[in-house]
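Descriptive analysis of the structure
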Amino acid sequence: MAPRTRKRLCKFVFAGLSLLVLLAVLFVVWRFKAHRCADQESRDTLKKLCEEYTRNKVTGNLCPDMCTAHSIIFRECLNYRKGKKVMLAEWNTEKVILKSQYSHLQEYNSLISRHTDSQGKTVSLQPDMATFLMVVKNQLRAMLEVDIPYAAVMETVQKMWQMPWKIHETMSVATMESLWSLLQQDEYLTMQYFQGNKHFPKIYGSCGHFYVMEYTPPGDTLSPRWLNFKTGREIIKSATDWDKRAKVALSFLTFLTDLNTFHTEPLHLCDVKPKNYGVSADLTIQAIDVDMAFFETKMRGILGQGNCTKNEDCDFVYCTSSCDLSRRRCSEHRANNNLQAICEKIFVGHHGVPFSGLLRSPPAAIADRLNKALQECVKPSKSNNQSQKASPETLETIRDLLQESLQSNEPNR
C-alpha cells in the first residue's frame with residue numbers, strides 16, 4: 001500500500017473513531033439529562049404539597065415551616081426522575097434533606113373511602129381509630145417481622161408522628177392520610193426505628209408524605225474527587241489523609257456491629273455503595289439510603305422465592321444466595337454478609353477501580369497485613385467447596401490494624 005493511501009486510510013479511521021466517541025458522549029449526555037431530576041419539577045411538587053396543606057388535605061409538624069413561614073427553602077433536586085424524591089433544602093441556614101417515595105399523596109394507598117351522595121357531593125369516610133391502629137400494627141409487623149403489642153403501636157405512632165396526639169384521640173382525615181403515607185415508606189420506617197443510633201440521620205419531622213432529615217453527605221472521604229478540572233491536577237490524597245479515612249472505616253465497623261445487636265434480628269444491607277453513606281463532622285458514618293435494607297426474616301423471604309439453575313440467579317443486588325440444583329430453588333439463607341459487602345464496595349473499591357477504596361494506600365507498617373485481611377474479608381477461605389462468610393475475627397483484625405495505624409507515629413503515614 002502506498003504511503004499516501006495509508007495516510008488517507010489512517011485519517012479516515014481516526015475520523016470514524018472520533019465520530020463514534022462523539023456519538024457515545026452525546027448519548028451519555030442525553031441519557032443523563034433524560035433521567036436527572038428537574039428543579040422546577042421539584043418546586044411544583046412542593047407547591048402542590050403546600051396547596052394541599054392549605055386545603056387541610058395533609059398536615060405535619062413541619063408544614064408551617066415549609067408552607068407558611070417558608071423557613072424551609074428548596075435548593076436543589078438530588079434524585080433521578082424514576083427514583084424516590086430527594087431534595088436538598090435549607091432550614092434556618094442549615095442544610096436538610098426532603099424525602100418521599102412518590103411525588104404526590106395520591107400515589108400512596110389511601111385508607112379513606114370516598115363516594116358521591118344523592119346530592120352529588122363527595123363524602124369521605126375514614127376508619128375508626130381501632131381499625132386504623134390495627135392497620136398500622138400490621139404494617140409495622142410486615143416491616144419488622146415481629147408481633148407488636150398495641151401499647152407499643154401507639155407509642156410508635158406518637159414517636160413517628162411528632163405532633164400532639166393523645167392515645168385514643170380520633171385523628172383528622174389529614175392526619176390519618178399523612179401518617180399513613182409515611183408508614184407505607186419502608187425507608188422511613190427503618191430510619192425511624194433506628195432513631196437515636198448515631199449511624200442514622202435524625203428525622204426532624206414531616207409534612208404530608210415528605211419527611212425532613214439531617215443532611216450528611218458522603219463528602220470527599222467516601223466520594224473523592226480525582227481531578228481538578230481547572231488545573232488538570234489530581235487532588236485526591238493518599239497517605240496524608242489516612243488518619244481521617246481510618247477513623248471513618250472504624251466507624252463502619254461499629255455500624256456493622258450495631259446492625260447485628262440493635263434489633264432482635266440483624267439488618268441486611270443489600271445495596272452497599274459510597275453514595276448511600278454520609279460522613280458527619282466527627283467522622284461518624286451514617287446510613288442515608290436504606291431502601292434495600294431488610295431484617296432477617298424478610299431477607300429470607302426475598303432470597304428463598306426464586307427459581308434458579310445457577311448461584312448467580314439467586315443474587316438480590318449485593319445479597320447473594322446459593323442455588324439448590326436438585327430443587328432448582330434458591331436458598332433462603334444469605335451466602336455473604338454485610339462485612340463482605342462493606343469490604344468489597346467501600347474498603348477495597350467499587351467495581352475494582354484502582355486506588356478508589358476507602359482503605360487505599362495504607363501506611364507501610366500495616367499495608368501487607370491489612371491487604372491480606374481485606375482479601376480474606378472479600379473472599380473468605382472456602383471449606384468443603386462452600387463459600388464462607390467474612391468472620392468476626394476478620395472484622396477484629398481489620399479494627400486492630402486501623403487502631404494500630406492511628407496510634408503509630410510513623411513519619412511516612
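What counts and what doesn't
- Residues numbered from 1 in each chain as written.
- Predicted model: local features only at pLDDT ≥ 70, side-chain atom pairs only at ≥ 80, totals over all residues.
- Heavy atoms only, no water.
- Axes fitted to C-alpha atoms, helices over the stretch in contact; angles between N-to-C directions.
- Helix = DSSP H or I, 4+ residues; strand = E, 2+ residues; numbered from the N terminus.
- Parallel < 35°, antiparallel > 145°, perpendicular 65-115°, else oblique.
- Left-handed = near helix turned anticlockwise from the far one by under 90°.
- Contact = heavy atoms within 4.5 Å.
- Nonpolar A, V, L, I, M, F, W, Y, C, P; charged D, E, K, R; others polar.
- Buried < 20%, exposed > 50% of the residue type's maximum accessible area, 1.4 Å probe, protein only.
- Lys, Arg positive; Asp, Glu negative; His and termini not counted.
- Salt bridge = Lys/Arg side-chain N within 4 Å of Asp/Glu carboxyl O.
- pLDDT = per-residue confidence, 0-100.
- Pairing = 2+ DSSP bridges.
- Disulfide = S-S within 2.5 Å.
- 1 Å grid on protein atoms, 1.4 Å probe; cavity = no way out; pocket = protein on both sides within 12 Å on 5 of 7 lines; lining within 4 Å.
- Points joined across faces, edges and corners; volume = space filled by probe spheres on them.

1. With respect to the packing of helix α9 (residues 242-261) against helix α13 (residues 392-407)
For the pair α9 and α13, the least separation of the axes is 10 Å and the interaxial angle reads 150°. In this view, α9 runs roughly antiparallel relative to α13, as classed from their interaxial angle. Where α9 crosses over α13, the handedness of that crossing is left-handed. Contacts from W242, D243, A246, K247, A249, L250, L253, T254 and T257 of α9 reach α13 at L395, I398, R399, L402, Q403, S405 and L406. Taken together, the residues of the contact of α9 with α13 break down into nine nonpolar, four polar and three charged.

2. Structural notes on the side chain of K85
Structurally, K85 can be placed in strand β2 (residues 85-91). Despite its burial, K85 remains without a salt bridge, the nearest opposite charge being carried by E41 at 4.5 Å. In contact with K85, not counting residues within four places along its chain, are N79, L98, K99, S100, Q101, Y102, S103 and F210.

3. A short note on the confidence of the model for the protein
Summing up the model confidence of the protein, the mean pLDDT is 84 and the portion of residues at 70 or higher is 81%. Every residue in residues 25-35 is under pLDDT 50, and counting partners more than four places away or in other chains gives five contacts. Note that pLDDT drops below 50 for residues 227-235; the model gives that stretch ten contacts with residues more than four away or on any other chain.

4. Some words on the environment of V157
Take V157: it is sitting in helix α5 (residues 150-161). Taking the relative accessible area as the measure of exposure, V157 reaches 2% and is therefore buried. With 21 residues separating them along the chain, V157 and V136 place their C-alpha atoms 8.3 Å apart.

5. A word on the pairing of β2
Most of β2 sits inside the fold, with six of its seven residues counted as buried. Sheet topology places strand β1 (residues 72-77) next to β2; five bridges connect them, and they run antiparallel. Along β2, the bridge assignment pairs E76 with L88. Connecting the antiparallel pair β2 and strand β3 (residues 94-100) is a turn made up of two residues, with N92 showing a positive phi of about 50°.

6. A word on unusual backbone geometry
It is generally the case that most residues other than glycine have a negative phi and that most peptide bonds are trans. We note that R328 has phi near 55°; this positive angle belongs to a residue other than glycine. As for its placement among the helices and strands, R328 is situated in the loop between β12 (323-324) and β13 (329-330). Judged by its relative accessible area of 54%, R328 is exposed. Its identity as a non-glycine residue notwithstanding, S361 has a phi of 50°, on the positive side. Given the relative accessible area of 28%, S361 is considered partly exposed.

7. Some words on the state of the cysteines
By definition, a disulfide links two cysteine residues through a covalent bond between their sulfur atoms. Inspection of the entire model under this criterion finds six disulfides. Here C314 connects covalently by a disulfide to C330, the sulfurs 2.2 Å from one another. What sets the handedness of the C314 and C330 disulfide is the S-S torsion sign, and at about -85° it is left-handed. In this pair, C314 sits in the loop between α10 (296-303) and β12 while C330 sits in strand β13, placing the two residues 16 residues apart along the sequence. Overall, C314 belongs to the buried group, its relative accessible area being 4%. Given a relative accessible area of 4%, C330 falls into the buried group.

8. Here we look at the layout of surface pockets
As a volume, the largest pocket reaches approximately 1,100 Å³. In this structure, the largest pocket is lined by 34 residues; those nearest its centre are K84, V86, K275, N276 and D289. Looking at the lining of the largest pocket, the elements that each hand over two or more residues are β2, β3, α7 (186-193) and β7 (210-214). Considering only residue class, the lining of the largest pocket consists of 15 nonpolar, seven polar and twelve charged.

9. Looking at the sheet that holds β7
If you walk across this open sheet you meet the five strands as β1-β2-β3-β7-β6, and the pairing is antiparallel. Whereas interior strands pair on both sides, the edge strands pair on one side only; in this sheet they are β1 and β6 (203-207). Here the average twist between neighbouring strands, direction ignored, is 30°. Here helix α2 (residues 39-54) sits on the sheet and contacts β1, β2, β3, β6 and β7; the angle it forms with β1, its principal contact strand, is near 150°.

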